[in-house]
Amino acid sequence: MIQIKVVNRGHQLLPEYATPLSAGMDLRANLNEPVVLHPMERRLIPTGLHIALPEGYEAQIRPRSGLALKHGITVLNTPGTVDADYRGEVGVLLVNLSQVDFVVNDGERIAQMVIARHEQGQFLLVEELDETERGVGGYGHTGVK
């Protein structure tokens with residue numbers, strides 16, 4: 001388990017894993033008053049959290065399945081990425097894909113944060129790529145079975 005430095009400028013508890021095998025930690029809305037999300041509206045919801053990830057890691061901000069299923073609420077840029085050098089507040093870009101208003105209340109669990117290791121790549125310009133069985137087959141090329 002890696003250590004993540006955090007400054008909590010909000011009034012919510014720090015995120016934690018719900019179970020020993022959870023991949024994500026729930027993020028909570030840090031609000032002074034409820035926020036109404038109208039159908040098809042998007043809003044950046046504050047968490048009050050500022051984090052410092054170790055080099056080679058990112059925090060992925062993902063939807064909560066219960067909010068998506070029950071209310072049509074999801075994270076618009078899924079997964080959102082918090083880079084290791086970002087020091088601003090972690091915000092969650094929620095969108096309401098339902099036909100009714102949704103109220104985001106202070107302390108509500110609005111997203112999950114998954115800590116993931118990553119690599120950086122460097123492009124090497126070449127004239128041709130090696131051949132594969134798939135080749136240039138794209139979206140849906142393998143059929144519907």
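Here's what I pulled together on the structure shown here. Residue numbering note: each chain is counted from 1, following its sequence as written. Reporting in this predicted model follows two pLDDT cut-offs: at least 70 for local features of residues, and 80 or more for side-chain atom pairs to be given and counted; totals over whole chains, interfaces and linings ignore these cut-offs and use all residues. The basis for every side-chain value is the complete set of non-hydrogen atoms in the structure, without hydrogens or water.

## Topic: the side chain of Thr47
Applied cut-off: Helix and strand assignments follow DSSP, with helices taken as H or I runs no shorter than four residues and strands as E runs no shorter than two, numbered in order from the N terminus. Polar contact is defined as a pair of N or O atoms within 3.5 Å, subject to the rule that within protein one atom must be able to donate a hydrogen and the other to accept it, and that residues adjacent in sequence are counted only when both atoms are side-chain atoms. Contacts are assigned to residue pairs with any non-hydrogen atoms lying within 4.5 Å of each other.
You can see Thr47 is positioned in strand S4 (residues 42–52). For Thr47, the side chain forms a polar contact with the main-chain oxygen of Val90, separated by 2.5 Å. When neighbours within four sequence positions are excluded, Thr47 is seen to be in contact with Leu27, Arg28, Asn30, Glu89, Val90 and Val92.

## Section: the side chain of Glu58
Put simply, the rule reads: The rule is simple: take the accessible area with a 1.4 Å probe, protein chains only, and divide by the maximum for that residue type; under 20% is buried, over 50% is exposed, in between is partly exposed. A residue counts as positive if it is Lys or Arg and as negative if it is Asp or Glu; His and the chain ends are not included. Salt bridges are identified by distance alone: a Lys or Arg side-chain nitrogen within 4 Å of an Asp or Glu carboxyl oxygen.
Structurally, Glu58 is set in strand S5 (residues 57–62). Among buried Asp, Glu, Lys and Arg side chains, Glu58 stands out as unpaired, with Arg62 the closest opposite charge at 7.1 Å. Here Gln60 takes part through its side chain, which lies 2.9 Å from a polar atom of the side chain of Glu58. Once you skip the residues sitting within four places of it in the chain, Glu58 turns out to touch Leu53, Thr81, Val82, Val114, Ile115, Ala116 and His118.

## As for the environment of Leu14
Residue placement: Leu14 occurs in the loop between strand S1 (5–8) and strand S2 (24–28). Taking C-alpha positions, Leu14 is 9.7 Å from Gly48, a pair spaced 34 residues apart along the chain. Filtering out sequence-adjacent residues up to four positions away, Leu14 remains in contact with Val6, Asn8 and Leu49.

## Quick notes on the pattern of salt bridges
By the definition in use, this model includes 3 salt bridges. Here Arg64 makes a salt bridge to Asp26, at a shortest N to O gap of 3.3 Å. Of this pair, Arg64 sits in the loop between S5 and helix H1 (65–71) while Asp26 sits in strand S2; the two residues are 38 residues apart in sequence, bridging distant segments of the chain. Here Arg64 matches Asp26 in class, with each residue buried. Where Arg109 meets Asp26, a salt bridge forms, and the shortest distance between an N and an O atom there is 3.0 Å. Taken together, the positions of Arg109 in strand S10 (residues 109–117) and Asp26 in strand S2 put the pair 83 residues apart, joining distant regions of the chain. In this structure Asp26 comes out as buried when scored by relative accessible area, which is 18%. Here the salt bridges share partners, and the residues they tie into one network are Asp26, Arg64 and Arg109.

## Here we look at the sheet that holds S2
For clarity, the threshold we go by: Between any two strands, at least two bridges found by DSSP are needed for them to pair. For helices, the fitted line uses only the C-alpha atoms of the stretch in contact; every axis is such a line through C-alpha atoms, and the angle between N-to-C directions lies from 0 to 180 degrees.
Taken together, the 4 strands give an open sheet; going across it, the order is S2-S10-S5-S7, and neighbouring strands pair in antiparallel fashion. Where the open sheet ends on each side, the last strands, each with one partner, are S2 and strand S7 (80–82). Across the sheet, the mean angle separating the axes of adjacent strands is 35° when strand polarity is ignored. For S2 and S10, the ladder comprises 5 bridges, and the chain directions are antiparallel. Within S10, the position partnered with Arg28 by the bridge is Arg109.

## With respect to the sheet that holds S4
In spatial order, the strands read S1-S4-S8-S6; together these 4 strands make up an open sheet with antiparallel pairing. Of all the strands in the sheet, just S1 and strand S6 (73–75) have a single pairing partner and so form its edges. For this sheet, the mean angle separating the axes of adjacent strands, direction not counted, is 40°. As paired strands, S6 and strand S8 (residues 89–96) are joined by 3 bridges and run antiparallel to one another. Bridge pairing in S8 links Val75 to Leu94.

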